[in-house]
Amino acid sequence: MQYDFRAIEQKWQNYWASEGTFRAPNPGDPHFDHEKPKYYVLDMFPYPSGVGLHVGHPLGYIATDIIARYKRMQGFNVLHPMGYDAFGLPAEQFAVEHGVHPRITTEKNIANMTRQLKLLGLSYDWDRCISTTDPDYYRWTQWIFLQLYNSWFDPSTKKARPISDLVKALEGSDYYIDFENQLVPAGNREDLEALAGPPDGFRKWYELSPDDQRTIIDGQRLAFLDEVPVNWCPALGTVLANEEVTNDGRSERGNHPVYQRPLKQWMLRITAYADRLESELDLVDWPEPIKLMQRNWIGRSTGAEVDFEIAPSEQPATDASTASDADLAIITVFTTRPDTLFGATYMVLAPEHPLVEEITTPAQKAAVDAYRTQAAKKTDRERQVEATTGTKSGVFTGAYAINPVNDSRIPIWIADYVMMGYGTGAIMAVPAHDERDFAFAKAFNLPIKQVIALPTNETSADHPTGELTEAFTADGININSANASISLNGLTTDLAKARITQWLDAQGVGHAKVQYKLRDWLFSRQRYWGEPFPILHGPKGEIVPVDERDLPVELPEMEDFRPAASDDPDAPPRPPLGRAPESWRYVVRDGVRYERELNTMPQWAGSCWYYLRFLDPKNSSRLVGEVAEKYWMLPRKKDPQPREGVDLYVGGAEHAVLHLLYSRFWHKVLFDLGHISTPEPFGRLFNQGYIQAFYYEDARGTRREASQIEERDGKFFHQGEEVNRLMGKMGKSLKNAIAPDEIAAQYGCDTLRLYEMYLGPLDQSKVWRTQDIIGVHRFLQRLWRNFIDESTSSLRVSKGPAPPEILRLLHKTIKRVTDAMNNLAFNVAIAALIELNNELVGKPSVTRDVAEPMILLLAPLAPHIAEELWRRLGYEKSLAYQPWPAYAASMLESDEIEYPVQISGKVRGRIMVSKEATDDMIQSVTLANPAIKPYLDGKTIKKFIVVKGRMVNVVVS
Ligand code: ANZ
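Residues numbered from 1 in each chain as written. Predicted model: local features only at pLDDT ≥ 70, side-chain atom pairs only at ≥ 80, totals over all residues. Heavy atoms only, no water.

Caption draft 1: Inspection of the packing of aromatic side chains at higher detail. Applying the stated criterion to the full structure yields 43 aromatic pairs. Summarising the aromatic geometry, the rings of Phe45 and Tyr610 are spaced 3.6 Å apart at their centres and angled 5 degrees between planes, so their arrangement reads as stacked. On the criterion of sequence distance, the pair formed by Phe45 in the loop between β1 (38-43) and α2 (58-73) and Tyr610 in helix α18 (residues 610-613) is long-range, its members being 565 residues apart. The pair Phe45 / Tyr610 is uniform in exposure class, with both members buried. With a centroid separation of 6.0 Å and an interplanar angle of 20 degrees, the aromatic rings of Trp266 and Phe533 are classed as stacked. Of this pair, Trp266 sits in strand β11 (residues 259-268) while Phe533 sits in the loop between β21 (521-522) and β22 (535-537); the two residues are 267 residues apart in sequence, bridging distant segments of the chain. Assigned by exposure class, Trp266 and Phe533 land together as buried. Three or more aromatic residues joined by ring pairs make a cluster, and in this case those are Phe145, Tyr149, Trp266, Trp521, Phe523, Phe533, Trp604, Tyr662 and Trp666. The lysine or arginine in question, Lys392, covers the ring of Tyr417, its NZ or CZ lying 5.7 Å from the ring centre. (Phe/Tyr/Trp six-rings, centres within 6.5 Å; stacked < 30°, edge-to-face > 60°. Helix = DSSP H or I, 4+ residues; strand = E, 2+ residues; numbered from the N terminus. Buried < 20%, exposed > 50% of the residue type's maximum accessible area, 1.4 Å probe, protein only. Lys NZ or Arg CZ within 6 Å of the ring centre and 35° of its normal.)

Caption draft 2: Representation of the site of the ligand. The environment of the ligand is formed by 18 residues, the closest being Ser301, Thr335, Met419, Tyr422 and Lys517. Between the ligand and the protein, one listed contact pairs an oxygen atom with a backbone N or O atom of Thr336 at 3.0 Å. Within the backbone of Met419, an N or O atom sits 2.7 Å from a nitrogen atom of the ligand. For the ligand, whose free accessible area comes to 640 Å², the fraction covered by protein is 87%. In terms of residue class, the shell around the ligand is built from 8 nonpolar, 6 polar and 4 charged. (Near = heavy atom within 4 Å. Polar contact = N/O pair within 3.5 Å; in protein donor to acceptor, adjacent residues only side chain to side chain. Areas by Shrake-Rupley, 256 points an atom, 1.4 Å probe, with all protein chains shown as cover. Nonpolar A, V, L, I, M, F, W, Y, C, P; charged D, E, K, R; others polar.)

Caption draft 3: Just a negative patch on the surface, in detail. On the surface, a cluster of negative charge is contributed by Glu107, Asp134, Asp136 and Glu554. By the secondary structure assignment, Asp134 is in the loop between β4 (130-131) and α5 (135-149). (Patch = residues over 30% accessible without salt bridge, like charges linked within 9 Å, V, L, I, M, F, W, Y side chains within 5 Å. Salt bridge = Lys/Arg side-chain N within 4 Å of Asp/Glu carboxyl O. Lys, Arg positive; Asp, Glu negative; His and termini not counted. Charge placed at Lys NZ, Arg CZ, Asp CG, Glu CD.)

Caption draft 4: Seen up close, the pairing of strand β14 (residues 346-349). Covered by surrounding structure in β14 are Tyr346 and Val348 together with Met347 and Leu349, the residues of both alternating faces. Note: β14 against strand β16 (residues 409-414), 3 bridges, orientation parallel. Counted as the bridge partner of Leu349 is Ile414 from β16. (Pairing = 2+ DSSP bridges.)

Caption draft 5: Fine view of the packing of α5 against helix α20 (residues 658-672). Between α5 and α20, the least distance of the axes is 11 Å, while the angle of their chain directions is 70 degrees. The pairing of α5 with α20 is recorded here as roughly perpendicular in orientation. Along this stretch, α5 crosses α20, giving a crossing that reads as left-handed. Contact residues: Thr141, Trp143, Ile144 and Leu148 in α5; Phe665, Trp666, Val669 and Leu670 in α20. A breakdown of the residues in the contact of α5 with α20 according to their chemical character gives 7 nonpolar, 1 polar and no charged. (Axes fitted to C-alpha atoms, helices over the stretch in contact; angles between N-to-C directions. Parallel < 35°, antiparallel > 145°, perpendicular 65-115°, else oblique. Left-handed = near helix turned anticlockwise from the far one by under 90°. Contact = heavy atoms within 4.5 Å.)

Caption draft 6: Here's a closer look at the sheet that holds strand β9 (residues 223-233). Strand order in this open sheet of 4 strands is β10-β9-β11-β21, and the pairing throughout is antiparallel. The open sheet has two free edges, formed respectively by β10 (238-240) and β21, since each of these has just one partner strand. Pairing between β9 and β10: 3 bridges, direction antiparallel. Across the sheet, Cys233 pairs through a bridge with Thr238, a residue of β10.

Caption draft 7: Expanded view of the pairing of strand β5 (residues 151-154). Judged by which residues are buried, β5 turns out to be covered on both faces: Ser151 and Phe153 on one side and Trp152 and Asp154 on the other are all buried. With 4 bridges connecting them, β5 and strand β6 (residues 159-162) associate as antiparallel partners. Looking across to β6, one finds that Asp154 is bridged to Lys159. As consecutive antiparallel partners, β5 and β6 are separated by 4 residues, and within that stretch Lys158 has a phi angle of approximately 55 degrees, a positive value.

Caption draft 8: Structural detail: the nonpolar core. If you look at the biggest cluster of nonpolar residues, it comprises 180 residues, and the most contacted ones within it are Phe145, Phe523, Tyr610, Phe665, Trp666, Trp768 and Phe826. Residues in contact with Phe826, not counting those within four places in the same chain, are Ala63, Ile66, Ile67, Met757, Leu762, Met821 and Leu861. With 56 residues, the next largest nonpolar core counts Tyr346, Leu355, Ala401 and Leu468 among its residues. (Core = buried A, V, L, I, M, F, W, Y, C linked by side-chain atoms within 4.5 Å.)

Caption draft 9: Seen up close, the pattern of salt bridges. Using the criterion set out here, one finds 43 salt bridges in the structure. The partner of Asp647 in a salt bridge is Lys38, and the shortest N-O contact between them spans 2.7 Å. Placement of the pair is Asp647 in the loop between α19 (626-633) and β26 (648-651) and Lys38 in strand β1, with a sequence separation of 609 residues. Accessibility classification places Asp647 together with Lys38 in one group, the buried group.

Caption draft 10: Focus on helix α22 (residues 749-758). Counting buried positions over the 10 residues of α22 gives 9, a clear majority of the element. Among all positions in α22, only Cys749, Asp750, Thr751, Leu752, Arg753, Leu754, Tyr755, Glu756 and Met757 are buried. Backbone geometry just downstream of α22 places Gly760 in the positive-phi region, at approximately 155 degrees.

Caption draft 11: Molecular detail of the environment of Val228. Take Val228: it is sitting in strand β9. Taking C-alpha positions, Val228 is 28 Å from Glu548, a pair spaced 320 residues apart along the chain. Here Val228 is in contact with Arg261, Pro262, Leu263, Gln265, Met267 and Leu522, once residues within four sequence places are set aside.

Caption draft 12: Quick peek at a nonpolar patch on the surface. Taken together, the side chains of Ile945, Val947 and Val955 make up a nonpolar region of the molecular surface, amounting to roughly 180 Å² of accessible area. Take Ile945: it is sitting in strand β38 (residues 941-947). Using a relative accessible area of 36% as the deciding quantity, one classes Ile945 as partly exposed.

Caption draft 13: Looking closely at the sheet that holds strand β37 (residues 906-914). An order of β37-β36-β39-β38 is seen for the 4 strands of this open sheet, with the pairing classed as mixed. The open sheet has two edge strands, β37 and β38, and neither has a second partner. Strand-to-strand twist in this sheet, taken as the mean axis angle between neighbours without regard to direction, amounts to 20 degrees. Bridging between strand β36 (residues 896-903) and strand β39 (residues 951-956) involves 3 bridges; their strand directions are parallel. Directly across from Val901, in β39, lies its bridge partner Val952.

Caption draft 14: Structural detail: helix α15 (residues 493-507). With 15 residues, α15 should reach 21 Å at 1.5 Å per residue; the first-to-last C-alpha distance of 21 Å fits that figure. Listed as buried for α15 are Thr493, Ala496, Ile500, Thr501, Trp503 and Leu504. Projected down its long axis, α15 carries its buried residues within an arc of 165 degrees, all on one side. Structural note: α15 exposes Asp494, Gln502 and Ala506 on the side pointing more than 90 degrees away from its buried face. Those residues of α15 that are buried lie in contact with β12 (300-310), β19 (477-478) and β20 (510-516). Positive backbone phi, approximately 75 degrees, marks Gly508, located one or two places after α15. (Expected span 1.5 Å × (residues − 1). Arc of directions from axis to C-beta.)

Caption draft 15: Layout of the packing of α2 against helix α24 (residues 804-822). Across the interface, α2 lies against α24 with an axial gap of 10 Å and an inter-helix angle of 120 degrees. Classified by the interaxial angle, the pair formed by α2 and α24 is oblique. For the crossing formed where α2 meets α24, the hand is left-handed. Each of Ile66, Ile67 and Tyr70 in α2 lies in contact with α24, whose residues at this interface are Thr818, Met821 and Asn822. Per-class residue counts for the contact of α2 with α24 are 4 nonpolar, 2 polar and no charged.

Caption draft 16: Representation of the environment of Asn247 in the model. Tracing the sequence through the fold places Asn247 in the loop between β10 and β11. Separated by 409 residues in the primary sequence, Asn247 and Ala656 have C-alpha atoms spaced 20 Å apart. With residues up to four places along the chain from it excluded, the contact list for Asn247 reads Arg381, Glu382 and Val385.

Caption draft 17: Local environment of unusual backbone geometry. With an omega of -5 degrees, the peptide bond running from Leu551 to Pro552 counts as cis. As for its placement among the helices and strands, Pro552 is situated in the loop between β23 (543-545) and α16 (582-585). Not every positive phi belongs to a glycine, and Asn480 is a case in point at roughly 50 degrees. Mapped onto the elements, Asn480 comes out in the loop between β19 and α15. With a phi angle near 45 degrees, Gln719 is a residue other than glycine that sits in the positive phi range. You can see Gln719 is positioned in the loop between β31 (715-718) and β32 (721-729).

So, in structure tokens, the structure goes:
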């Protein structure tokens with residue numbers, strides 16, 4: 001009988017399903033084994049799209065499946081779940097376009113994708129499958145939102161705490177409230193009272209009206225309503241995140257215009273966690289590039305805030321009641337280079353800065369207003385792009401400020417290269433040392449004053465202190481930086497920064513400051529297909545959270561769930577839930593009619609915590625039970641490398657910042673509040689590469705379906721028209737997707753699994769070539785023939801023992817495959833098995849002592865054929881929990897030996913040679929080694945010494 005992969009794969013997939021082979025019991029469940037260590041291996045769960053999977057998607061899923069199977073055989077309790085991230089814009093738009101309810105579309109897509117995943121023989125515990133759209137799931141997403149709403153971030157402990165603690169502290173007068181409604185800790189109370197009572201404008205809690213008290217509490221919550229400038233896309237009828245807007249200010253999806261406008265939205269205070277999100281990256285084993293992306297996204301900058309007084313207007317006051325100096329406004333700037341303060345020759349405010357109106361002189365008013373209107377039309381993203389590409393624009397306000405270090409009057413401008421959302425929305429401009437300020441000063445003829453130079457021993461004709469031709473942005477030594485009470489001259493940049501910050505502090509005009517790029521998370525969407533907020537709005541604008549017992553707030557049934565799209569940028573947002581039946585929209589409590597929040601949560605919400613629900617998916621009283629959470633998330637003390645959280649999380653690098661940052665944030669809040677026991681969710685992260693494939697474009701750049709291309713004489717044609725062949729990431733947009741279904745039907749999924757893994761290292765992108773699949777398919781056919789006599793269908797396995805050279809090769813293979821598994825180097829594991837298999841071809845039979853371990857080594861990679869052969873070897877039970885083969889170190893003896901190569905006393909590389917090699921042979925291998933060659937090129941070899949069995953020593957001159 002030939003290798004009948006269709007029958008074999010069907011048979012084993014049915015067996016695994018009916019036996020529940022991959023069901024992972026929780027502590028307390030029947031069959032749970034306390035003795036075993038745990039291993040939680042997780043895929044980034046997919047969005048169930050209408051077109052289903054292509055062969056690029058399973059790359060990561062096959063890898064995690066191999067690991068899950070390998071770890072089971074190593075004696076771990078393995079948790080390997082799968083689910084669907086099913087809310088979101090695409091599901092809703094697909095539904096809108098096809099006129100079907102999103103729930104129906106989503107269910108259909110999930111069913112199709114589950115079928116595709118099962119086709120690949122992936123060993124998920126399907127009993128734990130969840131979808132973010134299940135009311136039983138989003139009930140807990142809403143519950144987490146309530147936790148956020150009911151908490152505040154205590155800066156003294158750097159932790160989230162129940163808001164009720166804050167109320168108690170306020171009632172106990174532990175805080176003053178300053179004039180900006182900020183809390184001033186009571187620790188400072190004595191200082192304040194030593195100054196004969198708190199400063200004007202500081203209030204005590206009991207002095208506030210209930211409304212003011214509520215405003216203050218609401219202003220501290222981790223979930224809060226705020227009027228913020230948002231990216232409003234009228235055509236889609238929704239607000240978009242910055243990442244969903246292109247560089248030229250249009251929506252990523254659909255390419256519609258996007259406008260910046262203020263809108264009242266739910267926000268999550270992720271900025272409170274900026275510090276911990278950055279520093280606690282040290283707790284996790286993640287690829288360095290991803291950590292770096294998170295650090296850049298959080299964007300910690302250290303510097304100073306400096307206060308500039310606004311200069312009194314130039315005309316002498318004619319009226320005795322003119323404001324005194326003390327009443328003049330102050331502009332606070334954030335700078336990372338306080339050492340350049342003596343070189344600040346003008347200031348710039350963001351056009352939206354609240355002081356602009358106040359300081360603009362009548363003569364400049366018209367120009368300033370016109371500029372502000374213009375700037376309001378641009379999105380932040382457009383402004384940032386312009387700021388770095390050089391088009392500089394701005395307007396003088398007519399007002400001046402006083403530079404606190406030298407009392408010089410410097411003009412105040414507005415310009416859109418300064419963003420309101422960063423720092424204080426105002427800068428001191430130092431054109432000599434900042435590129436953007438330099439370009440601006442040149443464009444508007446503003447003074448440029450150099451205050452940093454190269455150290456004198458490096459000064460040269462290249463860096464004269466005469467006129468600068470470009471900004472000198474490097475660190476150096478201060479010049480021209482002294483007043484009567486401080487001199488920075490001669491100090492290096494780091495010292496000068498420290499010294500001036502101290503001075504500013506002492507003068508009461510500045511202080512050290514840490515600033516983050518990270519913004520609070522805009523959490524409202526004007527969509528239907530998302531989690532409703534568990535929030536009610538009262539008739540007086542009061543906000544009342546839905547009682548936990550009343551969760552979930554289910555999405556109402558609606559016929560028309562389309563967003564209210566419009567061409568008019570000023571049209572008010574009308575979320576689809578505004579059209580929900582009144583019975584849903586209004587809730588009466590104690591005779592008061594409340595309206596439900598009509599926005600929904602963004603797609604990121606559901607994916608923030610799904611890995612926790614997998615631990616205990618059916619729990620109806622908690623988001624995750626305590627015992628299950630501790631068992632799967634905490635390492636055991638005796639683990640060799642204890643690491644908290646998911647043991648291995650595999651997914652695409654495109655989720656580096658959003659999903660991975662948002663879920664770390666939620667996790668930390670839940671951790672602070674005592675609901676879970678680890679500070680980080682994902683102990684180890686791995687990013688798989690992409691599958692690439694050829695795609696085709698005609699002369700007009702229109703992409704053509706890759707499956708319809710004909711090749712003739714090295715040229716490519718689509719319906720007769722010649723097209724160009726290019727290479728890119730497989731997917732719908734390049735029209736080069738290949739469905740796994742076709743491949744599995746033609747060659748079997750064991751072949752598909754092997755092919756995807758054999759393409760190259762997991763973290764790299766690689767090119768798909770369907771015609772190459774036959775290679776790994778032949779390997780499985782040959783393997784089958786080594787074990788099964790195709791003419792008689794009988795086993796070709798004999799008792800043994802195997803000849804010593806085969807046994808040696810087997811043990812070498814066990815070591816290679818084991819090492820490769822530990823390093824996720826599955827291509828190496830497959831190569832080792834191919835080698836062993838080739839050795840067996842043509843032998844009269846395979847001995848059992850080789851056959852059994854070989855099948856077990858193959859099992860994680862090609863599980864169906866391995867199960868079939870295992871059964872034919874006489875075993876009743878699945879091999880899924882068979883112990884992983886061990887190798888004997890004594891069997892690894894090889895006839896090769898490794899020599900370290902020293903060149904003039906330093907080890908520069910290593911060579912492998914046969915134990916019998918002569919000195920001449922060793923010399924020629926050494927000279928040809930690519931790692932060593934560069935050290936010898938152009939050198940004369942004076943001595944070449946071989947210390948037999950130990951090392952090679954080369955002396956060169
Ligand atoms: C004076 C100065 C002199 C600056 C100098 C730089 C070099 P990062 O590292 O990104 O934090 N800045 C501050 N707030 C801004 C805003 N809202 N919009 C645009 N630019 C802003 O950069 C901080 C620096 O960016 C600050 O330091 C400020 O310019 C500018 F030789 O202040 B600097």
